[in-house]
Amino acid sequence: MSRRTFVRASALGLAVAATAEPLPAAAGVKQPMGIPYVGAGSNTAVRPFALREVRLNAGLLQEKRDRMKAFLEAYDERRFLMLFNDQAGRPNPPGLQLPGGWENGGLLSGHWAGHYLSALAQAYADQGQQVFKDKLDWMVGELAACQAAITARMDAPGGGDEPEEPVIGRVEGRFGKGLRLNGGSGAEHLRLPQEAVSQLTDFTIAAWVNLAAAQSWSRVFDFGQNTTVNMFLTARSGASGNPPRFAITVGGSGQEQQITGTSALPAGQWSHLAVTLSGSVGTLYVNGAAVAANIGMTLNPTSLGVPGNLWIGRSQYGDPLLDATIDEFHIFDRALSAEEIQSLTDSAAGSTGGGNIAWYRFDEEGGATALDSSPNGRDAGIVPVTQGGGALWAPTHPGYLGAIPEDAVIRLGPPRFAVYGSNLDTNVWAPWYTQHKIMRGLLDAFYLTGNEKAREVVVKMAEWAHLALTVGDKNHPQYQGPITRSDLNLMWDTYIAGEYGGANEVFPEIHALTGEVRHLDTARLFDNRESLFGACVENRDILVVTNPADLGRRRPARLHVNQHVPNFVGYLRIFEQGGGQDYFQAAENFYGMVVPHRMFSHGGTGGNYPGSNNNIEMFQNRDNIANAIAQGGAETCSIYNVAKLARNLFFHTQDPAYLDYYERAVLNQIAGSRADTATTSNPQVTYFQPLTPGANRSYGNTGTCCGGTGLENHTKYQEAVYFKSADGSALWVNLFVPSAVTWADKGFVVTQETSFPREARTKLTVDGSGRLDIKLRVPEWARNGYTVRINGTRTPMRAAQPGTYVTLRRVWRPGDVIDVSMPFSIRIERAIDRPDTQSVMWGPLLMPIVGDPGGGYRELSLYRHLKRDGDYSRAAITPAGTSAAGDPIFTTHGFTLRPWYVGDTQAHSAYFRRVEPQIVFGSIDSGVPNVKRDDGLPRYDVPVSGIPSPGTDGLTFLDVVWDHAPFATHGTFVATVARTAGEFVAAGRLTDEQRDAVVAAAAGARRELTPEP
């Protein structure tokens, strides 16, 4: 089957409107190998099939899956165990390198090992390839050995004593104090938090440097992933004369875009360095004067993806550490003017007010934290000079397993209540998120491959977690007793530090596996009861607020998307295991706050908006779409979790709207998150998927959160294609993709083939005998008809309604064939807050416009092309064949549109601006402006700067008319125009004379609007 054939059909993922009576709960679903499945949907009326029971056949999703499986097979899994071995005191094989990115020994290390376990288990379940099980079994055995070695140290002398913070002082700086790096100092280099550069396009980075030695290639800063992807500033390059140099590259040193100064910086005195980027123009300043420029820059920090290594004083290449004193390190999200750069040489902040992204002044009394003097709280961690040696730490509680010390997890709680940051000795970075990923990977290894050792390890981890979250940090000198509910609330409300992923989803499963109630109790310990849980139960949308202090002690104004979405996946699991109705209500209501109120057309969410802070991983305010389209927004792993929540909610409600969203997310953002390349050097997945006009995607992401979820995304595409009723009465066909499902207990195999000429079609062949309801999803977008034939005979039924299910109830015989057809059609989706900001959809597929519009939105006029049937594809947005890979192509106004799932780095625009200045019907111009209705837009719950509310940015006259298409007759069309014109007159938007002119033009456009056969 060609990719083109698959796409046009797989794009059809169907959702079913439940017609059956509620079904009774039944015994737990059993895996074919007899292992009990107690995961999502294991005790609901509708349940999932095991991954091994559903096979993908040739098509787009199989292509994306196989590319990821090739990466999994090629990757050396031993690299994941290096940091675990370090914590356990076990040796590592020589010659290995850490995975890199965030898996480089920092505070989030270990999460990728869990993702990799899940991906291996899913890859093995897919086709039973032994290579994946061999890798997985080896990893589980090694992790078990690490866990045992750590626990064996429980009785070590001084067990659990907290490490002392290294002595790192401050010295005289250029203004106030400064930080001495190396040369006898206790400070080696600095780590900056991820947000310091990941969202930047234009920027300024400036700092004072006093070199103690004339070293070549030592870095003032180096931000990147490795020697291939990075940007740096060196005070003295190795070029002739040793001038300073800025460089940025995504292809190694041979592809650097450089800005090189003219002369070497002297040692022993203060020098001011600054680099700015404005569009394609980069400028290097020394002591306030511009010394060099590059006017052909095409890279910026967003080109680096999400760099794992944000260093001051250290090089990605292993060059000499910076031997110097630094001071007043500024990061701005714009290019400062020459005058502003000059002002920074006169005082600490000059005329700028200080770096608005981060500003490190080094005026602390001492310690291993460099405080951020910007409003953002992005403190940097000072890495001490390595002393070498030292005894292994001793655990506080038995059963711990991790790639970081146990203390880096439990310090989140009392008495320290550590916050997010880069200080390895005092900060935390989502420690329970990492614990969740490891535990989830072990559970998947048990469910999907039968690895009993994985079950043993994860149960021991659960026992440790219970102690860590109840008894707490009992060996700390300031320990005051068990952790309280108030303590937990404070922990989970803390930005990033309190990000625990879906940790609360694994403990209900362990409870179901072991029968131990304390594991369900552990799951409840993750409830965010101070600010969010109760509000979601009551359906109060507080994802963005103006006064966060009214809600919680550490509650931020905007919540981090991926910190919170997975929590609700866990709440649903607690509900399934008897936790109480409020857990279900919280999950259901929270989902409704995201979809559709914060959903972009590709399914993503999150981004900045006018007046918000500069963190694109946060939720935007409610109903803000057009004004929250941000360069870099829409984090891929967030949508992985929103889709997961939607799928799991469907098990309880059978509401097809959840699968409409799931289909949108999977066929657009998730499929589009994997590059269409065969490389196995990295996972080739996205972090952000921006929607800004002319934006492109960056692939890679070894070690990041989205890189990890990417491993899982593309190895479980079959998870929602089919479901089954718990009582065995019905098979639910949810997504129309080339596949087959084996329902062994019922003796049925159903194979699905997809193809279509003008209509989208799916053929399902039934191999089995007996009575069975087959429920076919009717997608919400299937508005141009939906027909079903069984063995060639059209099935008599009422007109299928989009967003429902149809039920085929009969006694089946081997060889019965079901043919389903539904025409794809071009439709336009409008932004909630600004209706002229629109996306083009073809069936379920987002069709962005290819190319860079050069700064603003493409502007399109489309209504003049429409006929009475309202079909855009007749002349407004027309088919233009397929690409070389078989992807559908359309054209409009000379521009090319193609599916979002195409995985390359071409610039494209998900949204355009609709510009329809006159009321026209074909070539008939009424002479009347196409005025807008006052719909009171935007209706944001939290006001934004520079956007009036309420406004007058409503639907235009033509919008209102054509929303009633198709029109059966020309008379019906004219009547609609007349009625709409009357409404606009009553609202004061049109005069009586204009109404008459518009109606007359409509009446005279019969020939213009009659569709050709």
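As the structure is a prediction and not an experimental result, all values here were calculated from the model. (Residues numbered from 1 in each chain as written. Predicted model: local features only at pLDDT ≥ 70, side-chain atom pairs only at ≥ 80, totals over all residues. Heavy atoms only, no water.)

## As for the side chain of Thr-345
Now for step 1: For Thr-345, the location among the structural elements is in the loop between α6 (338-343) and β16 (358-360).
Now for step 2: Within polar-contact distance, the side chain of Thr-345 engages the backbone oxygen of Gln-342 at 2.6 Å.
Now for step 3: Sequence-distant contacts of Thr-345, defined by excluding residues within four places in its chain, comprise Arg-174, Phe-175, Trp-208, His-272, Asn-287 and Gly-288. (Helix = DSSP H or I, 4+ residues; strand = E, 2+ residues; numbered from the N terminus. Polar contact = N/O pair within 3.5 Å; in protein donor to acceptor, adjacent residues only side chain to side chain. Contact = heavy atoms within 4.5 Å.)

## Concerning the side chain of Glu-505
Now for step 1: Among the structural elements, Glu-505 can be located in helix α11 (residues 503-514).
Now for step 2: Taking relative accessible area as the criterion, Glu-505 reaches 4% and is therefore assigned buried.
Now for step 3: Side-chain polar atoms of Glu-505 contact the side chain of His-436, separated by 2.9 Å.
Now for step 4: In contact with Glu-505, not counting residues within four places along its chain, are His-436, Arg-440, Val-569, Gly-570, Arg-573 and Lys-644. (Buried < 20%, exposed > 50% of the residue type's maximum accessible area, 1.4 Å probe, protein only.)

## Considering the confidence of the model for the protein
Now for step 1: Mean pLDDT over the protein: 92, with 94% of residues reaching 70 or higher.
Now for step 2: With pLDDT under 50 throughout, residues 1-30 is counted as low confidence; its partners more than four residues away or in other chains account for 139 contacts.
Now for step 3: Contacts of residues 158-162 to residues separated by more than four positions or lying in other chains number eleven contacts, the stretch itself having pLDDT below 50. (pLDDT = per-residue confidence, 0-100.)

## Considerations on helix α10 (residues 485-492)
Now for step 1: α10 sits mainly inside the fold: six of its eight residues count as buried.
Now for step 2: Restricting attention to buried positions, one finds in α10 the residues Asp-487, Leu-488, Asn-489, Leu-490, Met-491 and Trp-492.

## Notes on the pattern of salt bridges
Now for step 1: Under the criterion given, the structure shown has 58 salt bridges.
Now for step 2: Two residues, Lys-644 and Glu-505, come together in a salt bridge whose shortest N-O distance is 3.2 Å. Residue Lys-644 is located in helix α16 (residues 636-653), and its partner Glu-505 is located in helix α11; the two are separated by 139 residues in the primary sequence.
Now for step 3: The buried category is assigned to Lys-644, whose relative accessible area is 16%.
Now for step 4: Salt bridges sharing partners connect three or more residues here, namely Arg-440, Asp-444, Glu-505, Glu-509, Arg-573, Glu-576 and Lys-644. (Salt bridge = Lys/Arg side-chain N within 4 Å of Asp/Glu carboxyl O.)

## As for the packing of helix α2 (residues 60-74) against helix α4 (residues 111-127)
Now for step 1: Axis separation between α2 and α4 bottoms out at 11 Å; the angle between their running directions is 120 degrees. Looking at the two axes, α2 sits oblique to α4. Crossing handedness for the pair α2 and α4: left-handed. For the pair α2 and α4, the contacting residues are Arg-65, Lys-69, Phe-71 and Leu-72 in the first and Trp-112, Tyr-116, Ala-119, Leu-120, Ala-123, Asp-126 and Gln-127 in the second.
Now for step 2: Partitioning the contact of α2 with α4 into residue classes produces seven nonpolar, one polar and three charged. (Axes fitted to C-alpha atoms, helices over the stretch in contact; angles between N-to-C directions. Parallel < 35°, antiparallel > 145°, perpendicular 65-115°, else oblique. Left-handed = near helix turned anticlockwise from the far one by under 90°. Nonpolar A, V, L, I, M, F, W, Y, C, P; charged D, E, K, R; others polar.)

## Notes on the packing of helix α14 (residues 561-576) against α16
Now for step 1: Contact geometry for α14 and α16: axes closest at 9 Å, N-to-C directions at 20 degrees. Here α14 lies roughly parallel to α16, going by the angle between them. Taken as a pair, α14 and α16 cross one another with a handedness that is left-handed. Seen from α14, the contacting residues are Val-561, Asn-562, Val-565, Pro-566, Phe-568, Val-569, Leu-572, Phe-575 and Glu-576; seen from α16, they are Cys-637, Ser-638, Asn-641, Val-642, Lys-644, Leu-645, Asn-648, Leu-649 and His-652.

## Thoughts on the sheet that holds strand β8 (residues 230-234)
Now for step 1: One open sheet holds the eight strands; their spatial order is β10-β9-β8-β7-β14-β5-β18-β17, and the pairing between them is antiparallel. The outermost strands of the open sheet, each flanked by one partner alone, are β10 (257-260) and β17 (369-370). (Pairing = 2+ DSSP bridges.)

## Looking at the packing of aromatic side chains
Now for step 1: Going through the model one piece at a time under the given rule, you end up with 48 aromatic pairs.
Now for step 2: Plain terms: the ring middles of Phe-507 and Phe-526 are 5.7 Å apart, the flat faces sit at 20 degrees to each other, and that makes the pair stacked. With Phe-507 in helix α11 and Phe-526 in the loop between α12 (517-524) and α13 (533-537), this pair connects stretches of sequence that are 19 residues apart. For the pair formed by Phe-507 and Phe-526, the shared burial category is buried.
Now for step 3: Each ring, one from Phe-568 and one from Phe-590, has its centre 3.9 Å from the other, and the planes form 0 degrees; the classification is stacked. Placement of the pair is Phe-568 in helix α14 and Phe-590 in helix α15 (residues 581-594), with a sequence separation of 22 residues. (Phe/Tyr/Trp six-rings, centres within 6.5 Å; stacked < 30°, edge-to-face > 60°.)

## Focus: unusual backbone geometry
Now for step 1: Of note, the bond from Pro-414 into Pro-415 is cis; its omega dihedral lies within 30 degrees of zero at 5 degrees.
Now for step 2: Mapped onto the fold, Pro-415 is located in the loop between α7 (407-410) and α8 (431-449).
Now for step 3: A cis geometry characterises the amide bond from Leu-937 onward to Pro-938, with omega recorded as -5 degrees.
Now for step 4: Along the polypeptide, Pro-938 turns up in the loop between β40 (924-929) and α19 (957-962).
Now for step 5: The phi dihedral of Phe-362 falls on the positive side, at around 60 degrees, and the residue is not glycine.
Now for step 6: Along the chain, Phe-362 turns up in the loop between β16 and β17.
Now for step 7: Classification of Phe-362 as buried rests on a relative accessible area of 0%.

## Considering the sheet that holds strand β24 (residues 770-778)
Now for step 1: Across the sheet, which stays open at both edges, the five strands sit in the order β1-β19-β20-β24-β27 with mixed pairing between neighbours. The two strands at the open ends of the sheet, each matched to only one other strand, are β1 (46-48) and β27 (804-812). Averaged over all neighbouring strand pairs, the angle between strand axes comes to 30 degrees, with direction disregarded.
Now for step 2: With four bridges connecting them, strand β20 (residues 730-733) and β24 associate as parallel partners.

## Here we look at helix α9 (residues 452-470)
Now for step 1: Between its first and last C-alpha atoms α9 spans 28 Å; for 19 residues at 1.5 Å apiece the expected length is 27 Å, and the two agree.
Now for step 2: Every buried residue of α9 is listed here: Ala-454, Val-457, Val-458, Val-459, Met-461, Ala-462, Trp-464, Ala-465, His-466, Ala-468 and Leu-469.
Now for step 3: Buried residues along α9 sit in contact with α5 (130-151), α7, α8, α10, α11 and α12.
Now for step 4: For α9, the capping residue at the N-terminal end is Asn-451, with a side-chain oxygen 3.0 Å from the backbone nitrogen of Lys-453.
Now for step 5: Backbone geometry just downstream of α9 places Gly-472 in the positive-phi region, at approximately 85 degrees. (Expected span 1.5 Å × (residues − 1).)

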